[in-house]
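Structural description and commentary
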Amino acid sequence: ENQWIGVAYEELLREPERVLDRVCGLVGEAYDPAMMAYPGRSTYGPTDAKNAERWREKLTPEQMALVEARLGDMMDGAGYGREQPAVRLGPIKMAWLHLRDKAYRARFAMKRYGMGLYLRERATRWLGMKAAHERALERVHEVDEANLK
């Protein structure tokens, strides 16, 4: 018996009830139309099939080329075509992207958690202060939960 199913994002947006019915069947639950009433109980709106192509408006050609350079084989295997000519990322470009990613992540964390909590979590992890790090992580998780939609 299958223990997993593949769900394409586009399919989920176009036919959410049908996809949810398949997922429910996998976990042995009955689909209930009330499951689609989440917009009334959350800050999420209803699914919109137009969102499947929204990335085309948001990503620059360079960003698309970088995504395809990293995930192109996976995209091919899933039946997605490539938008950009293939690019090869040399070691300098890869190092630059890695550093830029670390900087973006740090800036996001500082903004979300505040400088104090950000530094406390990093320092206690780096110094191996297990109990203090666990307390810092508890606070991080509280902030994350408060930011869920």
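Further up the page is the structure itself.
For clarity, every value in this text was computed on a predicted model and none was experimentally measured.

Cut-offs and rules
- Residues numbered from 1 in each chain as written.
- Predicted model: local features only at pLDDT ≥ 70, side-chain atom pairs only at ≥ 80, totals over all residues.
- Heavy atoms only, no water.
- Axes fitted to C-alpha atoms, helices over the stretch in contact; angles between N-to-C directions.
- Helix = DSSP H or I, 4+ residues; strand = E, 2+ residues; numbered from the N terminus.
- Parallel < 35°, antiparallel > 145°, perpendicular 65-115°, else oblique.
- Left-handed = near helix turned anticlockwise from the far one by under 90°.
- Contact = heavy atoms within 4.5 Å.
- Nonpolar A, V, L, I, M, F, W, Y, C, P; charged D, E, K, R; others polar.
- Salt bridge = Lys/Arg side-chain N within 4 Å of Asp/Glu carboxyl O.
- Buried < 20%, exposed > 50% of the residue type's maximum accessible area, 1.4 Å probe, protein only.

Let's shift gears to the packing of helix α5 (residues 91–126) against helix α6 (residues 130–146). The contact between α5 and α6 brings their axes to 8 Å, and the two run at 150°. It follows from the interaxial angle that α5 and α6 lie roughly antiparallel. The interaxial crossing formed by α5 with α6 has left-handed handedness. Between α5 and α6, the contacting residues are Arg 112, Tyr 113, Leu 117, Arg 120, Glu 121, Thr 124 and Arg 125 on the first element and Ala 132, His 133, Ala 136, Leu 137, Arg 139, Val 140, Val 143 and Asp 144 on the second. When grouped by side-chain class, the residues that make up the contact of α5 with α6 number seven nonpolar, two polar and six charged.

Below, the discussion takes up the pattern of salt bridges. Within this structure, the stated rule accounts for 13 salt bridges. Among the ionic pairs, Asp 73 bridges to Arg 82, the shortest N-O distance being 3.4 Å. Look at Asp 73 and you get exposed, because its relative accessible area is 66%. Note that Asp 101 and Arg 105 form a salt bridge whose closest N and O atoms lie 2.8 Å from each other. Residue Asp 101 and its partner Arg 105 are located together in helix α5, separated by four residues, close to a single helical turn. Residue classification places Asp 101 among the partly exposed residues on the basis of a relative accessible area of 34%.

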